[in-house]
Amino acid sequence: MSEKTIFKRIIDHEIPADIVYEDDQCLAFKDIAPKAPTHVLIIPKKEIATVDDLADEDAALIGHMWIVIRNLARDLGLEEGYRVIVNCKEAGGQEVPHLHYHLLGGRKMTWPPG
Ligand code: 5GP
C-alpha cells in the first residue's frame, strides 16, 4: 500500500493543522506557508490525487466544496475578493498528491500567475 500523503495524515488527525472548517466530506485548514494574509486549503476527505483523477461520481462532492469555499470566504471577511487555485500535477505546480483548493485573500492578486 502506498504511503499516506501529508493531507491524509491531517484528515486522520495524525499531525496537527490549524483547522478552520470540517464536515463529513471535506476539511479546511490554514496553509503552513501562506502566500497571502489569508491562505486556506480545502480538501476532500475522499482520497483523490489530482483534478485529473476525478470521477464523474465526484460531481456532487466538488459542488459541495465550492459552497464551502464561498462560505469560508464570507466567514474570513474576503468580501472584497479572493482567488481560488487548484494546481494539477507536476507541471501545474502541485506538490501534495491529494486534491486541494487554495483560497487566497487579503491582498490584491496579480495576473497572470507564474
Ligand atoms: P500544491 O503546491 O500541492 O498546490 O500546494 C500544497 C500546499 O500545501 C502548499 O501551499 C504548502 O505550503 C502546503 N503544505 C504542505 N505541507 C503542509 C502541512 O504539513 N501543513 C499545512 N497546513 N500545509 C502544508
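Here the structure is shown first, and the text comes after it.
Cut-offs and rules
- Residues numbered from 1 in each chain as written.
- Predicted model: local features only at pLDDT ≥ 70, side-chain atom pairs only at ≥ 80, totals over all residues.
- Heavy atoms only, no water.
- Helix = DSSP H or I, 4+ residues; strand = E, 2+ residues; numbered from the N terminus.
- Rg over C-alpha atoms; globule rule 2.2 N^0.38 Å.
- Lys, Arg positive; Asp, Glu negative; His and termini not counted.
- Charge placed at Lys NZ, Arg CZ, Asp CG, Glu CD.
- Expected span 1.5 Å × (residues − 1).
- Buried < 20%, exposed > 50% of the residue type's maximum accessible area, 1.4 Å probe, protein only.
- Arc of directions from axis to C-beta.
- Contact = heavy atoms within 4.5 Å.
- Core = buried A, V, L, I, M, F, W, Y, C linked by side-chain atoms within 4.5 Å.
- Pairing = 2+ DSSP bridges.

> Can you help me understand the overall build of the protein in this one?
Within the protein one finds 2 helices and 5 strands. The order of helices and strands in the protein, counted from the N terminus, is α-β-β-β-α-β-β. Expected size for 114 residues packed as a compact globule is a radius of gyration near 13 Å; at 14 Å, the protein falls within 12% of this value. For the protein, the spread of C-alpha atoms along the three principal axes comes to 45 × 30 × 30 Å. A distance of 5 Å separates the average location of the 13 positive side-chain charges in the protein from that of its 19 negative side-chain charges.

> Looking at this structure, how should I read helix α2 (residues 59-75)?
Helical geometry note: an α-helix holds 3.6 residues per turn, so side chains three or four residues apart project in the same direction. Relative to the 24 Å expected for 17 residues at 1.5 Å per residue, α2 spans 25 Å between its end C-alpha atoms, a close match to the ideal helical length. Residues of α2 that are buried include every one of Leu61, Ile62, Met65, Val68, Ile69, Leu72 and Ala73, and no others. Across the axial projection of α2, the buried residues extend over an arc of 135°, all falling on one side. Structural note: α2 exposes Ala59, Ala60 and Arg74 on the side pointing more than 90 degrees away from its buried face. On its buried face, α2 is in contact with β1 (19-22), β2 (26-30), β3 (38-44), β4 (82-85) and β5 (101-105). One or two steps after α2, the chain reaches glycine 77, where phi turns positive at roughly 75°.

> Help me out: how do you make sense of the environment of leucine 104 in this one?
Secondary-structure assignment places leucine 104 in strand β5. Leucine 104 gets classed as buried once you look at its relative accessible area, which sits at 6%. For the pair leucine 104 and valine 84, spaced 20 residues apart in the sequence, the C-alpha separation amounts to 6.4 Å.

> Looking at this model, I keep getting lost on the nonpolar core. Mind explaining?
Across soluble globular proteins, you tend to see nonpolar side chains buried next to one another. In this structure, Val40, Ile42, Met65, Leu72, Tyr101 and Leu103 are the most contacted members of the largest nonpolar core, which totals 16 residues. Only β2, β3, α2 and β5 provide two or more residues apiece to this core. By residue number, the principal contributor to this core is α2, which donates 7 residues. Ignoring sequence-local partners within four residues, the contact set of methionine 65 consists of Cys26, Ile42, Ile43, Pro44 and Tyr101.

> Any chance you could explain the pairing of β5 here in plain terms?
Taken residue by residue, a regular strand's side chains alternate between the two faces of the sheet. Burial analysis of β5 places 5 of its 5 residues in the buried class, which makes it a mostly covered element. Here β5 shows a buried face lined by Tyr101, Leu103 and Gly105 and a second buried face lined by His102 and Leu104. Relative to β5, β3 is paired through 5 bridges, and the arrangement is antiparallel. Looking across to β5, one finds that leucine 41 is bridged to histidine 102. As judged from the 4 bridges shared by β4 and β5, these two strands associate in the antiparallel manner. Along β5, the bridge assignment pairs isoleucine 85 with histidine 102.

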